[in-house]
Amino acid sequence: MRVESRIDRSFVRGRAALVAGALGLLLAVGGCGAAGDASGDGAKAADGKSAPREGFADENGAAASAAEQQADGKAAGKKAAPKPGGTHVIRTATLSVEVKSVPKAVAAARGVAEGAGGLVASENTERLDDTYETSHLVLRVPQERFQEVLRELSGSGKLLSRASNAKDVTDQVVDVDSRISTQRASVARVRELMDKAEKINDVVALEGELSSRQSDLESLLAQQASLKDRTSLATITLDLTPPDAPGDDGEKEDDPGFLDALGGGWDAFVTMLRWIAVAFGAAFPFLLTAALAVVAWRVLRKRAAARRTAPAVAAPVAGKDGAPAS
């Protein structure tokens, strides 16, 4: 019995040693694999991220990838975020051109604007005399044809002056669009509150608020329409003038001579006489009134002097007649 028990104990001990050796070998192999995985995941360990638990590795990895892509998208958007709708620019130009025939140049300018898809906003023609006239035109043309129309108008005659201006209003357009969206949502909320209101006071207060917000919305819509019109159509102001009037010999008039000076002096003399006559006519009623007043004053003065001298003469005559006889 003792021999069998010893044999069983030695067999158990052998199995335990064998199992212990196998476990040691497995631990050694596992340690080498873990060291290799740790060296391969050094970047992740540097970022302070722990290894995901079993069953959640794919989910956490997808979430991390989505978060990184979103962060990269935000960074790229901050660096070069394209503005919605492109760039909005208001372009204006002013031209002054000297042409031989103003009516023909006006017709040509109208044809150029309409041919480019634009229009003539206003036209003002003024005649200087029986032969010469000037014209002032305001043209509206599409933005993409602005430079082309400007070149054609500049080459229609002798260019006297040219000025152009471009103003970027993209931020203003985006701001107005955003405010319109917000204001529309605000109006919709007030209307929903009005539908739910039951008290008269609440309805009256909401109506006043709705009217105020609707007025603000209409003002924003008007600004939006104005910006859209000015950014879609450029404005060109065109002044057309004829060349200087020629003289009798076909050249420009010379400096004034003796006859011109004589005529100018005669005109000045006649003008002076005319103004003197006008001044005399304006002062005549006052002078007449003053003369009548002086005449009346002299007549009254003579009468007063005659009355004073009459009693003085009568007193000595009465003294002589009433003296007692001696």
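Report on the accompanying structure. (Residues numbered from 1 in each chain as written. Predicted model: local features only at pLDDT ≥ 70, side-chain atom pairs only at ≥ 80, totals over all residues. Heavy atoms only, no water.)

Concerning the pattern of salt bridges
- Evaluated as defined, the whole model comprises six salt bridges.
- Measuring nitrogen to oxygen at the nearest pair gives 3.2 Å for the salt bridge that ties arginine 127 to glutamate 133.
- For arginine 179, the salt bridge goes to aspartate 175, with nearest N and O atoms at 3.7 Å. With arginine 179 and aspartate 175 both in helix α6 (residues 170-196), this residue pair falls four residues apart, about one helical turn.
- Arginine 179 gets classed as partly exposed once you look at its relative accessible area, which sits at 41%.
- Aspartate 175 gets classed as partly exposed once you look at its relative accessible area, which sits at 40%. (Salt bridge = Lys/Arg side-chain N within 4 Å of Asp/Glu carboxyl O. Helix = DSSP H or I, 4+ residues; strand = E, 2+ residues; numbered from the N terminus. Buried < 20%, exposed > 50% of the residue type's maximum accessible area, 1.4 Å probe, protein only.)

Brief notes about the environment of leucine 139
- Relative to the helices and strands, leucine 139 is located in strand β3 (residues 133-142).
- The buried category is assigned to leucine 139, whose relative accessible area is 0%.
- With 98 residues separating them in the primary sequence, leucine 139 and threonine 237 have C-alpha atoms 6.3 Å apart.
- Sequence-distant contacts of leucine 139, that is, excluding residues within four places in its chain, are made with Ala109, Ala113, Leu119, Val120, Leu153, Ala234, Thr235 and Ile236. (Contact = heavy atoms within 4.5 Å.)

Some words on the sheet that holds strand β1 (residues 89-98)
- Reading across the sheet, the five strands line up as β2-β3-β5-β1-β4 and stay open at both edges, with mixed pairing between neighbours. Strands with a single pairing partner mark the edges of an open sheet, and in this sheet they are β2 (119-127) and β4 (158-168). Neighbouring strand axes in the sheet, compared pairwise and without regard to direction, differ in orientation by 10° on average.
- Strand direction decides the pairing type here: β1 and strand β5 (residues 233-241), joined by seven bridges, are parallel. Residue leucine 95 lies in a different strand from β5, and its bridge partner there is leucine 238.
- Sheet strands in contact with helix α5 (residues 146-154) are β1, β3, β4 and β5, and its direction is about 10° off that of β1. (Pairing = 2+ DSSP bridges. Axes fitted to C-alpha atoms, helices over the stretch in contact; angles between N-to-C directions.)

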